[in-house]
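What the coordinates show
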Amino acid sequence: MLTRRKFIGTTLGAGVALATGACTTQPAGKRTIVDAQVHLWKASGPDYPWNPGVKPQLPEPFTIERALPLMDEAGIDRAVIVPPALNDVNTYALEAARRYPNRFAVMGRIPLQDPKSAALLPRWKEQSGMLGVRVAFLGNTAVWLSDGTADWFWPAAEKAGLPVMFLAFGNVHLFGPIAQRHPGLPLIIDHLGVNTAIAKEGKMAEKIGDAVALARYPNVSIKMSNLVNASLEPYPLRDLTPHLQRVFDAYGPRRCYWGTDLTNTQFTKVSYRQRITHFTEELTFLSESDKDWVMGRAILERLQWT
């Protein structure tokens, strides 16, 4: 397995070259902070119909107008919008990116259960603000990884040059063969591959190990996100420190991305600003250069968001 130091010192193959693109430039004296995952949504309506029976993460819509002041207060420069699982409609996320192109970009949803969706991928990035795709394998859709439903997607996304964020709590190990078969496909593990249930079951080390095992593939990277839900302790979430260091040592600063998934937890439990200081002040294994990459530069580079 590639360690952090071995990875940095190695000339990367074609898969990573496709995944990263041109390097972004860090402004002198200013750390660019990018939240690698936020959900934005508005009320259900004719132009944005929710699927029957879905439940949002918060009682009220989390709109563009709610998100921006929170980002400004916390000191967050940009955010990657992952449209929530209320529908497969990306229009509101794209509206945010169109209105605020220097603040928002989108990893869009696509109906994986419909092979006709493959026709959408070659022109996917022609949608202004669209950077890639986010897919989820949870509950009833987890079987899509093994029953062939999602098989069409990986070669199609690789051919289209699309980064893919994937959510698959407990099933991260299934992505090794996908990463190996599609070395030009940038794959991004969401939320370290763990959640509250895994933490409460005492399986954190095991499941973090599944994520660490994928670091051997240069086209795989990882989001250190939704940590409030993965921790069983209050801020500064010290029970996660050894797991975060283990992941960081495997992937290195250019393949680790800070993010919040802010709406998936109570804001009062850990503030937006504390989610930043958790990394910039509490994780002492990160150097200042490491923080520059993890807090923003790395995700901008990986998604080619200039």
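Below: a short report on this structure. Just so you know, these numbers come straight off a predicted model, no measurement behind them.

Calculation notes
Residues numbered from 1 in each chain as written. Predicted model: local features only at pLDDT ≥ 70, side-chain atom pairs only at ≥ 80, totals over all residues. Heavy atoms only, no water. Helix = DSSP H or I, 4+ residues; strand = E, 2+ residues; numbered from the N terminus. Buried < 20%, exposed > 50% of the residue type's maximum accessible area, 1.4 Å probe, protein only. Polar contact = N/O pair within 3.5 Å; in protein donor to acceptor, adjacent residues only side chain to side chain. Pairing = 2+ DSSP bridges. Axes fitted to C-alpha atoms, helices over the stretch in contact; angles between N-to-C directions. Contact = heavy atoms within 4.5 Å. Right-handed = clockwise from strand over helix to strand, strands pointing away. Phe/Tyr/Trp six-rings, centres within 6.5 Å; stacked < 30°, edge-to-face > 60°. Lys NZ or Arg CZ within 6 Å of the ring centre and 35° of its normal. Salt bridge = Lys/Arg side-chain N within 4 Å of Asp/Glu carboxyl O.

1. Some details on the environment of His 39
- You can see His 39 is positioned in the loop between β1 (34-38) and α3 (64-74).
- The class for His 39 is buried, based on a relative accessible area of 6%.
- Through-space distance from the C-alpha of His 39 to that of Ile 81 is 5.7 Å; in sequence the pair is 42 residues apart.
- Of the polar contacts made by the side chain of His 39, one reaches the side chain of Gln 37; its length is 3.4 Å.
- Side chain to side chain, His 39 and Asp 261 meet in a polar contact 3.1 Å long.

2. Structural notes on the sheet that holds strand β8 (residues 256-258)
- Strand order in this open sheet of eight strands is β1-β2-β3-β4-β5-β6-β7-β8, and the pairing throughout is parallel. Looking along the sheet, the strands with just one partner apiece sit at the ends: β1 and β8. Mean inter-strand twist for the sheet, computed between neighbouring axes without regard to direction, equals 30°.
- Both strand β5 (residues 164-167) and strand β6 (residues 187-189) contribute to a ladder of three bridges, which runs parallel. Bridge pairing in β6 places Met 165 opposite Ile 188.
- Each of β6, β7 (220-224) and β8 touches helix α10 (residues 241-251); the most contacted strand, β7, lies at about 150° to it.

3. Quick notes on the pairing of strand β2 (residues 78-81)
- Both faces of β2 are covered, namely the face carrying Arg 78 and Val 80 and the face carrying Ala 79 and Ile 81.
- With three bridges connecting them, β1 and β2 associate as parallel partners. Within β2, the position partnered with Asp 35 by the bridge is Ala 79.
- With α3 bridging β1 and its parallel neighbour β2, the resulting β-α-β unit is right-handed.
- Summarising the sheet, β2 and strand β3 (residues 104-108) pair through three bridges and their orientation is parallel. Along β3, the bridge assignment pairs Ala 79 with Phe 104.

4. Some thoughts on the packing of aromatic side chains
- Under the definition given, this model contains 10 aromatic pairs.
- When the centroid spacing of 5.1 Å and the interplanar angle of 75° are considered together, the rings of Phe 153 and Trp 154 count as edge-to-face. The pair formed by Phe 153 and Trp 154 is uniform in burial state, with each residue classed as buried.
- Between the aromatic rings of Phe 248 and Phe 285, the centroid separation amounts to 5.8 Å while the plane-to-plane angle is 45°, which identifies the pairing as tilted. Residue Phe 248 is located in helix α10, and its partner Phe 285 is located in the loop between α11 (272-282) and α12 (288-303); the two are separated by 37 residues in the primary sequence. Accessibility assignment for this pair places Phe 248 and Phe 285 in one class, buried.
- One aromatic cluster is present, built from ring pairs that chain together Phe 137, Trp 152, Phe 153, Trp 154, Phe 166 and Phe 175.
- Across the ring face of Trp 305, the terminal group of Arg 78 is positioned such that the distance to the ring centre comes to 4.8 Å.
- Its guanidinium or amino end placed over the ring of Trp 293, Arg 297 lies 4.1 Å from that ring's centre, counting from NZ or CZ.

5. Digging into the pairing of β3
- In terms of burial, β3 is largely enclosed, as five of its five residues are buried.
- Of the two faces of β3, the one holding Phe 104, Val 106 and Gly 108 and the one holding Ala 105 and Met 107 are both buried throughout.
- Handedness of the crossover is the feature at issue here: the chain leaves β2, passes through helix α4 (residues 91-99), returns alongside β3, and the resulting connection is right-handed.
- Strand direction decides the pairing type here: β3 and strand β4 (residues 130-136), joined by three bridges, are parallel. Considered in β4, the bridge of Val 106 is made with Met 130.

6. Some thoughts on the pattern of salt bridges
- Summed over all chains, the structure comprises 16 salt bridges.
- Here Glu 201 makes a salt bridge to Lys 203, at a shortest N to O gap of 3.8 Å.
- The exposure class assigned to Glu 201 is exposed, which follows from its relative accessible area of 51%.
- Judged by its relative accessible area of 36%, Lys 203 is partly exposed.
- Of the charged contacts, one joins Lys 207 and Asp 210 as a salt bridge, the two residues approaching to 3.9 Å between their closest N and O atoms. In this pair, Lys 207 and Asp 210 both sit in helix α8 (residues 204-213), three residues apart, roughly one turn of the helix.

7. Digging into the side chain of Asn 195
- Along the chain, Asn 195 falls in the loop between β6 and α7 (196-200).
- A relative accessible area of 18% means that Asn 195 is categorised as buried.
- Beyond its immediate stretch of four places on either side in the chain, Asn 195 contacts Phe 169, Asn 229 and Ala 230.

In short, geometric facts, not functional conclusions.
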